[in-house]
Amino acid sequence: MKSTIVLLGPPGSGKGTQGEKLVNDFGYTRLSTGDMLREAVRNQTELGLKAKEYMDAGALVPNDLIIGLMKEKIAASSGKVILDGFPRTVEQADALGAQLDVDLALNLDVKDEELVDRLTKRRSCPNCNSVFHLLYNPPKVDGICDKCGAELYQRDDDKEETVLNRLRVYHENTKPLIDYYRKKGTLVTIEGVGDIDDIFEKVKEAIQ
Ligand code: AMP
């Protein structure tokens, strides 16, 4: 089984959802830069204060803030690891490659039109980071996280104006990583559309 997985794919493509399923079923450790940054913003740490304006605008946080943070988290983790939301630039991918070998870059492919719908109707848990969709994956109790019972919220950057910018940033900065990992021979692309469990079946094949 693959031990170091990078989840590629645009915002809203299901990286968090599929990543969590891999954590639950196969014991991976999931490192999500987005979750780490949101926690830093909530706790008003130095990193959080610096990152907030970029995140609110749907822009990328500068590489120098994120690369060091991820290096530490990777060094402190043990066992099989999933990187969700990192790398997002070629510079980040080079820094990661200098630290460890990526066994699999899993690219979840979803069209922009669908992503806008998914992101604007997404609701997130501030406590355990689970994600739901108002129509396709609603929580069992309205507004409450199935997993931990916390009250769900809409991320500021899931509002439509910011979503459009995040997609633009994805195409410009992160999409080139598809070719980057294809050249390294570790890329697998899965269509990230349809039933979550059906997509997970394909994900499970890819990690073997
Ligand atoms: P996500 O939860 O992965 O959609 O990330 C939310 C926001 O956090 C992004 O829109 C960026 O502002 C920031 N962010 C997350 N990961 C990175 C990264 N690897 N590099 C730069 N900014 C990031």
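Please refer to the structure higher up on the page.
Residues numbered from 1 in each chain as written. Predicted model: local features only at pLDDT ≥ 70, side-chain atom pairs only at ≥ 80, totals over all residues. Heavy atoms only, no water.

A.B. asks: Looking at this structure, how should I read unusual backbone geometry?
C.D. replies: Peptide bonds are, in most cases, trans, and in most cases residues other than glycine have a negative phi. Cis peptide bonds are those with omega within 30 degrees of zero, and the linkage from Phe86 to Pro87 qualifies with 0°. With respect to the secondary-structure elements, Pro87 resides in the loop between strand S3 (81–84) and helix H5 (90–99). Although it is not a glycine, Gln44 adopts a positive phi angle of roughly 50°. Tracing the backbone shows Gln44 in the loop between helix H2 (33–42) and helix H3 (46–57). Accessibility expressed as a relative area gives 59% for Gln44, which makes it exposed. (Helix = DSSP H or I, 4+ residues; strand = E, 2+ residues; numbered from the N terminus. Buried < 20%, exposed > 50% of the residue type's maximum accessible area, 1.4 Å probe, protein only.)

A.B. asks: How should the pattern of salt bridges be read in this particular structure?
C.D. replies: Following the criterion strictly, the structure yields 19 salt bridges and no others. A salt bridge links Asp157 to Arg166; the nearest nitrogen and oxygen atoms lie 3.8 Å apart. With a relative accessible area of 12%, Asp157 lands in the buried category. Put simply, Glu20, Arg30, Asp35, Arg38, Asp84 and Lys147 are held in one network by salt bridges that share partners. (Salt bridge = Lys/Arg side-chain N within 4 Å of Asp/Glu carboxyl O.)

A.B. asks: In this structure, what is going on with the packing of aromatic side chains? I would like to understand it.
C.D. replies: Any aromatic ring pair is given by two values, namely how distant the centres are and how the planes are angled relative to each other. Summed over all chains, the structure comprises 1 aromatic pair. Seen from their ring centres, Tyr180 and Tyr181 are 5.0 Å apart, and the 70° between their planes marks the pair as edge-to-face. Tyr181 carries the same exposure label as Tyr180, and that label is buried. Seen from the ring of Phe200, Lys21 lies directly overhead, with NZ or CZ sitting 5.2 Å from the centre. One residue, Lys80, lies across the ring of Tyr28, its end atom 5.1 Å from the ring centre. (Phe/Tyr/Trp six-rings, centres within 6.5 Å; stacked < 30°, edge-to-face > 60°. Lys NZ or Arg CZ within 6 Å of the ring centre and 35° of its normal.)

A.B. asks: How should I be thinking about the pairing of strand S4 (residues 104–109) in this particular structure?
C.D. replies: Within a regular strand, the side chains alternate between the two sheet faces. The buried fraction of S4 is high, at 5 of 6 residues. Of the strand pairs in this sheet, strand S1 (residues 4–8) and S4 are connected by 4 bridges, and their pairing is parallel. Along S4, the bridge assignment pairs Leu8 with Asn107. (Pairing = 2+ DSSP bridges.)

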